[in-house]
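# A look at the structure
Letter by letter, the chains look like this.
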Amino acid sequence: MTAVPSRNIKFVSHSDLAGRGDGVQIMVHRGHAYIGHGFSNGITTVDVRDARNPKVVDFIACPPGTRAFHLQTHDDLLLAVNAPSVWTMQEFQNDKAYFAGSPADRLKDQSRFTAGIRVYDISRPGKPNEIGFMPVDGLGPHRLWYTGGRYAYASIHFADFTDHIFAVIDLSDPTKPQVVGRWWLPGMWRAGGETPTWRTGKRYALHHGLLAGTLVYAAWRDGGLTVLDVADPTRPKLVVHRNTDPPFGGGTHSPLPLADRNLLVLADEPTSANCVDGRRYIWMFDIREPANPVSIATFPEPAEADYCAKGGSFGPHNLHENRPGAFQSSRLIFATYYNAGVRAYDIENPFQPREVGFYVPPDPARMMDPRANRPQVIQSCDCYVDRNGLMYLTDPNAGLNILQFEGELAR
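The structure reproduced in this document is the subject of the present report. Note that the structure is a prediction, hence the values are computed from the model and not measured.

## Some details on the nonpolar core
- If you look at the biggest cluster of nonpolar residues, it comprises 77 residues, and the most contacted ones within it are Ile156, Phe166 and Val265.
- The contact partners of Val265, leaving out residues within four places of it in the chain, are Ser254, Pro255, Leu256, Leu258, Ile282, Trp283, Met284, Phe299, Leu319 and Ile333.

## Regarding the side chain of His142
- When you line up the elements, His142 lands in strand 12 (residues 140-145).
- Within the local environment of His142, its side chain forms a polar contact with the side chain of His207, the two groups lying 3.2 Å apart.
- In terms of polar contacts, His142 uses its side chain to reach the side chain of Arg221, at 3.3 Å.
- With near-sequence residues (within four places) excluded, His142 lies in contact with Phe69, His70, Val81, Tyr98, Ser155, His164, His207 and Arg221.

## Let's talk about the pairing of strand 29 (residues 400-405)
- Within strand 29, 6 of the 6 residues are buried, leaving the element largely enclosed by the surrounding structure.
- Covered by surrounding structure in strand 29 are Leu400, Ile402 and Gln404 together with Asn401, Leu403 and Phe405, the residues of both alternating faces.
- When strand 2 (residues 9-15) meets strand 29, the two strands line up antiparallel, connected through 6 bridges. From the neighbouring strand, Ser15 faces strand 29, where its bridge partner is Leu400.
- Looking at chain direction, strand 28 (residues 390-393) and strand 29 are connected through 4 bridges and run antiparallel. Paired with Leu390 across the bridge in strand 29 is Gln404.

## Concerning the sheet that holds strand 12
- Sheet architecture is open: 4 strands sit in the order 12-13-14-15, paired in antiparallel fashion. Lying at the two open borders of the sheet, with one neighbouring strand each, are strand 12 and strand 15 (178-183). Strand after strand, the sheet turns through a mean of 35° between neighbouring axes, direction not considered.
- Pairing of strand 13 (residues 151-157) with strand 14 (residues 165-170), which is carried by 6 bridges, proceeds in the antiparallel orientation. Within the sheet, the bridge partner assigned to Tyr151 lies in strand 14 and is Asp170.

Definitions and limits used
- Residues numbered from 1 in each chain as written.
- Predicted model: local features only at pLDDT ≥ 70, side-chain atom pairs only at ≥ 80, totals over all residues.
- Heavy atoms only, no water.
- Core = buried A, V, L, I, M, F, W, Y, C linked by side-chain atoms within 4.5 Å.
- Buried < 20%, exposed > 50% of the residue type's maximum accessible area, 1.4 Å probe, protein only.
- Contact = heavy atoms within 4.5 Å.
- Helix = DSSP H or I, 4+ residues; strand = E, 2+ residues; numbered from the N terminus.
- Polar contact = N/O pair within 3.5 Å; in protein donor to acceptor, adjacent residues only side chain to side chain.
- Pairing = 2+ DSSP bridges.
- Axes fitted to C-alpha atoms, helices over the stretch in contact; angles between N-to-C directions.

This is the structure we're talking about:
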């Protein structure tokens, strides 16, 4: 394999995912990787029990015009979103059409896609079997958080709202999931007479939230961060709302609460190419007082190359989320960084995060992205890390890279 920029992370293997190289979110569970696609409109299952020889064993196609790009696994269940395959639609051929306002205002005809949450039985890991579906009137879900138990937490666009809001899903009967609780930022409930309070060209929409105890730390794109109390899942309550935009650029995307250290890692996503709308950062918050989260540091940016000039997006995207069964650490943080690959950080001193590893995969051999004039560069999307530091890295065009972190696996 051609040498690539790297430190403390080595290449193990690659899969083109049987020609469907457009990976978004990835879960690894019982020796199998489940990958949601951004353009291929389905879910691929890969047998990764031999990490040096990953094998595609199944593909689940979505209904027409629909993608299942985000998913969650726990025990015998796989949960997946069904939402419009926006990047294959004429209305969304540039980033601003998606990030600078509500997609629901552009996409009125719901007959073109199917919206909802699908539940699969994965007791046979290589062959998911659908057992439940929760339809949604609207654009439907974006992302989910589920680590077992009765409730899942989702970002969902319902038809009577401007964009994705927070929803609690009851899975006590996984064949019949149902919404039991909702919360939104003021101004989002269009059918209730609310009007947006944010500036034109900004998008207030829940990306997703992670649960820590009875608190959900939730990222709202240009709407910033909320902390929600879900002690009563049917009545989520606001604890605090914070936003760094302005003066910083918005795009709040990925929360990672580290409850044992009273810390929160929060990543802002770049929503334009070549840094034209400014840089985005990974923030460190002190959350000892949940009602008053305080930013105490930003993570160092990749500095070994001029990534703003490389093409495509440069900046943080997803964080490895310390899921049950995965590598879990309150000191070592993994983050995908679009055209700068994947990064590892040591936050032993939370006021001075240090980069301790990185890997920038080769640019894709071919493009899966159907949009015109997209640069043929790596755009590392999601990273799942197992207990032994084996890293599973997706990309919208370059398939699955399996890597090994060779630094200290600090817990």
